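Commentary on secondary and tertiary structure
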Amino acid sequence: MDRSNHYEAAFEAYLRRRRLCYVAVDEAKRSLVDDEPVKSLDFVVYGEADARLLVDVKGRKFPGGTPDEPRRVWECWAERDDVSGLRRWEQQFGPGYVGLLVFVYQIAPEISLPDDVEDLWEFRGRRYLSRAVAADEFSRHMRIRSPKWDTVDLPTSVYQSLVLPFRSFTDAAAAIGP
């Protein structure tokens, strides 16, 4: 977790506000699993109904693009290393742990969303919305976005079918796990 990253700091504030038990992972150095480097997690989060989540936060703006040409697309790209790292952490932590790509969107002031949208919060004068996709599902459906940058994403229709509010993974009524 990098507290200088406003997306990660906002997500930590969200976890505190929801009174979820979590460990923020110091990602200053690359971790090793079986003597091989693996991308560090941002958080290990524990929720109701024994939810055990391995979280990698991906900060995005909505809308994206430039002020002159905004793109009203919910960006869901990640580095391939992010996805494979979460899958390795799932194996390392063991049964019951679920790797999640958590997309934390900074919502532009001119964007109107209903007040009752799940996982919409304010932090330091900015509005954020969190959405999550399980790493195994992301891995199963991902496509190459940029070979040069080794990034991957999901087709819009697949993202829309898989993405859930983060609380869907933490609340007792909706918590998932093997």
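In this text, all values refer to a predicted model and were calculated from it rather than measured experimentally.

Reading the values: rules and limits
Residues numbered from 1 in each chain as written. Predicted model: local features only at pLDDT ≥ 70, side-chain atom pairs only at ≥ 80, totals over all residues. Heavy atoms only, no water. Core = buried A, V, L, I, M, F, W, Y, C linked by side-chain atoms within 4.5 Å. Buried < 20%, exposed > 50% of the residue type's maximum accessible area, 1.4 Å probe, protein only. Helix = DSSP H or I, 4+ residues; strand = E, 2+ residues; numbered from the N terminus. Contact = heavy atoms within 4.5 Å. Pairing = 2+ DSSP bridges. Expected span 1.5 Å × (residues − 1). Polar contact = N/O pair within 3.5 Å; in protein donor to acceptor, adjacent residues only side chain to side chain.

A general trend in soluble globular proteins is that nonpolar side chains are found buried together. In terms of nonpolar packing, the biggest core is built from 29 residues, with Leu-54, Leu-101, Phe-103, Val-133, Phe-138, Leu-154 and Tyr-159 touching the most fellow members. Breaking this core down by element, the ones donating at least two residues are β5 (52-62), α2 (80-93), β9 (97-107), β11 (126-134), α3 (135-141) and α4 (156-162). In this structure, Leu-54 is in contact with Leu-41, Phe-43, Val-44, Leu-86, Trp-89, Glu-90, Phe-93, Tyr-97, Val-98, Gly-99 and Leu-100, ignoring residues within four places of it in sequence. Among the nonpolar cores identified, the runner-up in size contains 25 residues, and Leu-15, Tyr-22, Val-98 and Ala-134 belong to it.

With that out of the way, let us pick up the sheet that holds strand β12 (residues 143-146). Pairing within the open sheet is antiparallel, and its 3 strands lie in the order β8-β13-β12. The sheet is open, and its two borders are formed by β8 (78-79) and β12, each paired with just one other strand. Two elements, β8 and strand β13 (residues 151-153), share 2 bridges in a ladder whose sense is antiparallel. Note that in β13 the partner of Ala-78 across the bridge is Val-152.

Turning to helix α1 (residues 6-17), a few remarks are in order. Counting along an α-helix, one turn takes 3.6 residues, and residues three or four places apart therefore face a common direction. The terminal C-alpha atoms of α1, which comprises 12 residues, lie 16 Å apart, in line with the 16 Å expected from a rise of 1.5 Å per residue. Packed against the buried residues of α1 are β1 (21-24), β4 (43-46), β5, β9, β10 (120-123) and β11. At the N-terminal boundary of α1, the capping side chain belongs to Asn-5, with an oxygen 2.8 Å from the backbone nitrogen of Tyr-7.

The peptide bond linking Phe-62 to Pro-63 adopts the cis configuration, its omega dihedral lying at -5°. Secondary-structure assignment places Pro-63 in the loop between β5 and β6 (64-65). Non-glycine residue Ala-49 carries a positive phi angle of around 55°. Here Ala-49 shows up in the loop between β4 and β5. Judged by relative accessible area, which is 56%, Ala-49 ranks as exposed. If you check the backbone angles, Asp-119 has positive phi at about 65° while not being a glycine.

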